[in-house]
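Chain by chain, the residues:
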Amino acid sequence: MIDHDVIIVGGGLAGSRAALEIARTNPSLSVAVVAKTHPIRSHSVAAQGGMAATLKNVDETDSWEAHAFDTVKGSDYLADQDAVAILTQEAPDVVIDLEHMGVLFSRLPDGRIAQRAFGGHSHNRTCYAADKTGHAILHELICNLMKYGVKVYEEWYVMRLILEDGQAKGVVLYHLLDGQVEVIRAKAVMFATGGYGRVYNTTSNDYASTGDGLAMTAMAGLPLEDMEFVQFHPTGLYPVGVLISEAVRGEGAYLINSDGDRFMANYAPSRMELAPRDITSRAITYEIRAGRGIKPDGSAGGVFVYLDLRHMGKEKIMSRVPFCWEEAHRLVGVDAVYQPMPVRPTVHYSMGGIPVNTDGQVRSSADELVEGFFAAGETSCVSVHGANRLGSNSLLECVVYGRRTGAAIARYVENRKLPEVNAERYIQDANTQLQSLIDQPGEYRIHQVRQAYQDCMTDHCGVFRTEATMQEGLVQLRELQKKYAHVRVDDKGKTWNTELIEAMELRSLFVVGEMILSSALNRKESRGSHCREDYTQRDDQSFLKHTLAYYSPAGIDINYMPVVINQFEPQERKY
Ligand SMILES: Cc1cc2nc3c(=O)[nH]c(=O)nc-3n(C[C@H](O)[C@H](O)[C@H](O)COP(=O)(O)OP(=O)(O)OC[C@H]3O[C@@H](n4cnc5c(N)ncnc54)[C@H](O)[C@@H]3O)c2cc1C
């Protein structure tokens, strides 16, 4: 067994910012970060468009209150407004702090940090490093972890949260390099394990975004909040699904249907292409359904629309969004200076997650907390995004709440002892689980079951939802779960057994998918990204509340938790 004061699972923006805060606050604490990838390959590195903060460098009339209002309206009034106030008030400070660490933000001619427009934001407030913002920030944070001597366990896969008597005591983990199973015991455990885009068949997320932290939390008997809210980003590059950043529209690109019309005029006339993502994704889907999508030969009736940058000119495209140009060129052979890009909605972000308070401590119910367990970043739900996240608010959440959670953990572990853990028992259980995966005489390959599962989730719980399709989805999902017991792991070895990891990740996907479907079935209204064709209106009377879903192999129990509304009264959401 290995001991640390604090163990953080996840080396993305949230995990590394928290680790840094702990090391800065109390250098005598032993802090470790575990990641199943190399930390620099966490999905945060792929973030493109930027990070919102009211620095007022471009627009002096901006204010944290305006940022908070945009965020709450964007969330369709489901965000907790105390958490949003913290997010927006602390934003300028965390950006300046990152700059002092050395993050290379793009500049205005006078040298101050540049800020661009983004969907749903009423002012130009998104700070960026061209369209490689996540890359710029994560590299600097990881350098700082080295500087402060934070221990990093890279390419270790965490399989289980050790939770006994309402207290988190550590994690069980598997070393990809040599198959070794270990227990790390700690006074505080933090999950910063990112999103679950791989639940769906088309996503902007990396291969590691399989929702492991969510699944481990749920399997430990703790609730997950608002899992029905899945963000579809309007502009995934067709057919691959990788992201074309909202920054491209922030810099002026148009969305065009097969008639050559800027169709957003019919859906969000005041914001056009910069409407929030839920509205824009639905608009594209309506256009495609109405036969105004485009086919690869340019004719009508296809499954994508065009994102047109041509009027922006080569110089602007190459200086502001060079990575997006390169993606389209490399992956689908489109030169965006001269040709429009084919795009359609792609699964992008998880608004829901592990419920936490504004110090990042995990909730076991609406009014109780778990001892020693914290979470931040995309895997958590504090809830600043409610039913729909605004672009450039996620990197901000990772840094603001990563920092706050780190500070809270540093206070929490002070004067605490390491808990008692029977490590042998956990190691034995884990080895038995791995061995039975290796030994089971399976008739299915992992990728077959995963593909069928991803298709099932995509077909039954996508941009539009109904009772009948989701019920059918649950039935199919349960059938596929049975097949999981019959998947075959061909690699029986201990060295770099990525197939075994894929088998464990598939289990995570199943748990997360069932939580999404069950939560979505219970919310009989349309709000933000959750759009039900059988309940088309938002219903504040019955559903202005957070879902708390509890997992068990026998089925899922649904509970609810109130929304914090202390600044902005819910109104009809129009753009
Ligand atoms: C293509 C793309 C572009 C984006 N652009 C923007 C943007 O411009 N602005 C914005 O605000 N947001 C953007 N987002 C969203 C934002 O990037 C993410 O929400 C955010 O970076 C998530 O950070 P995180 O620290 O929570 O998790 P991640 O960066 O996803 O890191 C998760 C970490 O957990 C580790 N992990 C997971 N499971 C395990 C396990 N079982 N064992 C061990 N380790 C594990 C992983 O190895 C990784 O280190 C974008 C997202 C994508 C996909």
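The rules behind each value
Starting afresh in each chain, residues are numbered from 1 along the sequence in its written order. For this predicted model, a pLDDT threshold of at least 70 governs which residues receive local features, and a threshold of 80 or more governs which side-chain atom pairs are given and counted, while totals over whole chains, interfaces and linings are taken from all residues. Just so you know, side-chain values use all the structure's heavy atoms and leave hydrogens and water out. Here a residue counts as near a molecule or strand whenever at least one of its heavy atoms sits within 4 Å of it. Definition of a polar contact: a pair of N or O atoms within 3.5 Å, with one able to donate and the other able to accept a hydrogen when the atoms are protein atoms, and with sequence-neighbouring residues admitted only if both atoms are side-chain atoms. Counting from the N terminus, the helices are DSSP H or I runs at least four residues long and the strands are E runs at least two residues long. Gly is placed with the polar residues, together with every amino acid not listed as nonpolar (Ala, Val, Leu, Ile, Met, Phe, Trp, Tyr, Cys and Pro) or charged (Asp, Glu, Lys and Arg). As used throughout, domain bounds are those supplied by an automatic or database domain assignment. Any pair of residues with heavy atoms lying within 4.5 Å of one another is described as a contacting pair. Buried area: the sum, over both parts, of the accessible surface (1.4 Å probe) that disappears when the two are put together. For this document, the term salt bridge refers to a Lys or Arg side-chain nitrogen within 4 Å of an Asp or Glu carboxyl oxygen. With a 1.4 Å probe rolled over the protein chains alone, any residue whose accessible area is under 20% of its type maximum counts as buried; one over 50% counts as exposed, and the rest are partly exposed. In this description, strands pair whenever DSSP reports at least two bridges between them. Every angle, taken between N-to-C directions, lies between 0 and 180 degrees, and every axis is a line fitted to C-alpha atoms, over only the stretch in contact when it is a helix. Note: crossing handedness is left-handed where the near helix turns anticlockwise from the far helix by less than a right angle, and right-handed where it turns clockwise.

Caption draft 1: How the structure looks around the site of the ligand. Taken together, 39 residues lie near the ligand, and Ser-42, His-43, Ser-44, Glu-378 and Ser-394 sit nearest. Between the ligand and the protein, one listed contact pairs a nitrogen atom with a backbone N or O atom of Val-158 at 2.8 Å. Those elements giving two or more residues to the shell around the ligand turn out to be helix H1 (13-25), strand E2 (31-35), strand E7 (156-164), helix H5 (212-219), strand E14 (341-350) and helix H10 (394-413). Grouping the constituent residues of the shell around the ligand by class yields 16 nonpolar, 19 polar and four charged.

Caption draft 2: The arrangement of the domain arrangement of the protein chain in detail. Splitting the protein chain by domain gives domain 1 (240-346) and domain 2 (424-540). On a C-alpha basis, the centres of domain 1 and domain 2 stand 31 Å from each other. The interface of domain 1 with domain 2 comprises five residues on the first partner and six residues on the second. With both sides pooled, the region where domain 1 packs onto domain 2 buries about 500 Å², and carbon together with sulfur makes up 64% of that total. Of all residues in domain 1, Asp-278, Arg-282 and Arg-289 give up the largest surface area on contact with domain 2, accounting jointly for 70% of the area buried on that side. Where domain 1 meets domain 2, there are one salt bridge.

Caption draft 3: Quick look at the pairing of E14. Taken across its ten residues, E14 has nine buried, putting it largely inside the fold. In terms of strand pairing, strand E11 (residues 230-237) meets E14 through six bridges, oriented antiparallel. The residue of E14 that forms the bridge with Gly-236 is Arg-344. As paired strands, strand E13 (residues 305-308) and E14 are joined by three bridges and run antiparallel to one another. Looking at E14, one finds that Val-305 is bridged to Val-343.

Caption draft 4: Up close: the packing of H1 against helix H4 (residues 133-147). Where H1 contacts H4, the two axes come as close as 9 Å, and the packing angle between them is 35°. Here the hand of the crossing between H1 and H4 comes out left-handed. Facing H1, whose interface residues are Leu-13, Ser-16, Arg-17, Ala-19 and Leu-20, H4 presents Ile-137, Leu-138, Leu-141, Ile-142, Asn-144 and Leu-145. Of the residues belonging to the contact of H1 with H4, the class tally is eight nonpolar, two polar and one charged.

Caption draft 5: Structural view of the sheet that holds E11. Spatially, the four strands line up as an open sheet ordered E11-E14-E13-E12, and their pairing is antiparallel. Of all strands in the sheet, those with a lone pairing partner are E11 and strand E12 (254-256), marking the two edges. For this sheet the average axis-to-axis angle between neighbouring strands, irrespective of direction, equals 45°.

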